[in-house]
Amino acid sequence: MAEKKLFCSEEKIQEIAAAYGTPFHLYDESGIRKMARRLKAAFAWAPAFMEHYAVKALPNPYILAIMRDEGLGADCSSLAELLLAEAAQMRGAEICFTSNNTPPEEYIKARQLGAIINLDDITHLEFLEQCAGLPDLLSFRYNPGPQRGGGNAIIGAPEEAKYGLTHEQILQAVQQATRKGVKRFGLHTMMVSNELEVDYLIGTATMMFELAVELLQKFDVAVEFINLGGGLGLAYRPEEPDLDLEALSEGIRREYQRLLLPAGLNQVQLSMESGRLMTGPFGLLVTRAIHTKDTYKHYIGVDACMAHLMRPALYDAYHHITVLNKTGAPLDHIYDVVGSLCENNDKFAVNRPLPEIQVGDLLAIHDTGAHGSAMGFNYNGKLRCQELLLRQDGSVQLIRRAETMADLFATLDYPGLPLA
Ligand SMILES: *Cc1c(COP(=O)(O)O)cnc(C)c1O
């Protein structure tokens, strides 16, 4: 079976484990910066290309500061994410606010930061007007419904997805907003998640460019930007090919030239809200084997659990595992690698061929830099683990400490519980 490369040496990981203890997520600053530059370079042809990093993928201000330093903005969909973007010194059009079923205080905060607001429903036009006032510039999230096939397990078929406005509603919303004094418009969509197929992603751009031309022809509205959302996929399995970012860019450029330029729309800005692609491959969950168990199957019990990475349990997602210090050893054991939750789906791998594992061995679980720690939770009273950043100079920074029992019990006012 193909191997997946670690972003730093096994010795370095062992050193860090000795210094900080396990488990931890480790993130690679230089990989994140390289990916940010690669995405920007790939889309350098597009007028004022902007990547709003999807904060939810790795909601940590130290990571957002790196994104900002690379000239990226933030995509937020909650109050907490807006506060994180604000703390990372992002403002105005650097932030886009793509929420759904939005509470009023979130719109108020988004307006206060001058974020680009992306409405998820036609009724939110009036809702936003009443709770925070309408901005000059508004964007609408498009859901094409059954007229476009595809979709995947994470988001589902477009007509089953709760997001966005129908085609008819987009047309109405632009007219209503114009009557209410909105002068500038953008369009947004997000059709899929973790998509590796370039042609499907290009097809989404085609659909959006056609919609922009329709708005121009019907209402003389020239949209200022088209935001293609997130959803760019990762090759989680070692044998999968990476997303061909350059081919994606080339295909979108071809459609831009074919559809937008002849219509006179030559200044439409392109933006994206990629999360997974930007940080996913640059995270490892490092955990130690604390038990082996042989019953009807062979189990390796580790000191991390689903509270630190729930993608395998939630989506049956594959995350590659490297057992440290066993490079080249035959993968002649079949294991379930499990956490300690009282849930039988608390497994990082099922029936996985791995080298023989002993108690004390370190396991590195790959591609945990997006939607990993971020999805953490406290079921069974499990505590979220520390997050470490491997700096470009090789130093290691603790960017989030592990939770403690005192954190867990902080909202319980009851005698006898540890508060510190
Ligand atoms: C989750 C999400 C993203 C990021 O998706 P990735 O798959 O991480 O690229 C972007 N925009 C919106 C609105 C989202 O909900």
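The following refers to the structure shown. These figures come from a predicted structure and were not determined experimentally.

## Section: the environment of Pro281
- Tracing the chain through its elements places Pro281 in the loop between α10 (276–279) and β10 (283–294).
- Taking the C-alpha atoms as reference points, Pro281 and Lys218, separated by 63 residues in sequence, lie 43 Å from one another.
- Non-local contacts of Pro281, meaning those with residues more than four positions away in its chain, are made with Phe7, Leu234, Arg276 and Asp367.

## Some words on the packing of helix α4 (residues 79–87) against helix α5 (residues 104–112)
- Two elements in contact, α4 and α5, have axes separated by 9 Å at closest approach and are oriented at 20°. With respect to α5, the axis of α4 lies roughly parallel. Classified by chirality, the crossing of α5 by α4 is left-handed. For the pair α4 and α5, the contacting residues are Leu79, Leu82, Leu83 and Glu86 in the first and Glu105, Glu106, Lys109 and Ala110 in the second.
- Partitioned by chemical class, the residues of the contact of α4 with α5 number four nonpolar, no polar and four charged.

## A word on the packing of aromatic side chains
- A complete count under the given rule lists seven aromatic pairs for this structure.
- The interplanar angle of 20° and the centroid separation of 6.4 Å between the aromatic rings of Phe140 and Phe185 together place this pair among those described as stacked. With Phe140 in strand β6 (residues 137–141) and Phe185 in strand β7 (residues 184–188), this residue pair connects regions lying 45 residues apart in the sequence. With respect to burial, Phe140 and Phe185 carry one shared label: buried.

## Quick notes on the pattern of salt bridges
- Scanning the model with the defined rule gives 21 salt bridges in all.
- Where Asp69 meets Arg33, a salt bridge forms, and the shortest distance between an N and an O atom there is 2.7 Å. One end of the pair, Asp69, is in helix α3 (residues 61–69); the other, Arg33, is in helix α2 (residues 29–42), and 36 residues separate them in sequence.
- Owing to a relative accessible area of 55%, Asp69 belongs among the exposed residues under this scheme.
- Residue Arg38 pairs with Glu246 through a salt bridge whose shortest N-O separation is 3.1 Å. Remark: Glu246 occurs in helix α9 (residues 245–260) and Arg38 occurs in helix α2; sequence separation between them is 208 residues.
- When salt bridges that share partners are traced, they join Glu29, Arg33, Arg37, Asp69, Glu70 and Arg391 into one network.

## Considering the side chain of Glu29
- Assignment of secondary structure puts Glu29 in helix α2.
- A residue is classified by how much of its surface remains accessible, and Glu29, at 5% relative accessible area, is buried.

## Considerations on helix α1 (residues 10–20)
- Those residues of α1 lying buried are Glu10, Ile13, Ile16 and Ala17. Buried residues of α1, seen end-on, are gathered within an arc of 120° and therefore sit on one face of the element. What points out from α1, more than 90 degrees from its buried face, is the exposed set Glu11, Glu15, Ala18 and Ala19.
- The inward-facing, buried residues of α1 abut β1 (24–28), β10, β12 (321–323), β15 (362–366), β16 (386–390) and β17 (396–400).
- A positive backbone phi angle near 80° is found at Gly21, which sits one or two residues after α1.

## Observations regarding the sheet that holds strand β5 (residues 116–119)
- Read around the closed barrel, eight strands run β2-β3-β4-β5-β6-β7-β8-β9, paired in parallel fashion. Geometrically, the sheet is characterised by an average inter-axis angle of 25° between neighbouring strands, direction not taken into account.
- Where helix α6 (residues 124–131) meets the sheet, its contacts fall on β5 and β6, and the angle it forms with β5 comes to roughly 140°.

## A short note on the side chain of Thr287
- Positionally, Thr287 belongs in strand β10.
- At a separation of 2.9 Å, a polar atom in the side chain of Thr287 contacts the main-chain amide nitrogen of Ala304.
- Excluding anything up to four places from it in sequence, Thr287 contacts Thr22, Pro23, Val302, Asp303, Ala304, Asp361, Leu362, Leu363 and Ile365.

Conventions we followed
Residues numbered from 1 in each chain as written. Predicted model: local features only at pLDDT ≥ 70, side-chain atom pairs only at ≥ 80, totals over all residues. Heavy atoms only, no water. Helix = DSSP H or I, 4+ residues; strand = E, 2+ residues; numbered from the N terminus. Contact = heavy atoms within 4.5 Å. Axes fitted to C-alpha atoms, helices over the stretch in contact; angles between N-to-C directions. Parallel < 35°, antiparallel > 145°, perpendicular 65-115°, else oblique. Left-handed = near helix turned anticlockwise from the far one by under 90°. Nonpolar A, V, L, I, M, F, W, Y, C, P; charged D, E, K, R; others polar. Phe/Tyr/Trp six-rings, centres within 6.5 Å; stacked < 30°, edge-to-face > 60°. Buried < 20%, exposed > 50% of the residue type's maximum accessible area, 1.4 Å probe, protein only. Salt bridge = Lys/Arg side-chain N within 4 Å of Asp/Glu carboxyl O. Arc of directions from axis to C-beta. Pairing = 2+ DSSP bridges. Polar contact = N/O pair within 3.5 Å; in protein donor to acceptor, adjacent residues only side chain to side chain.

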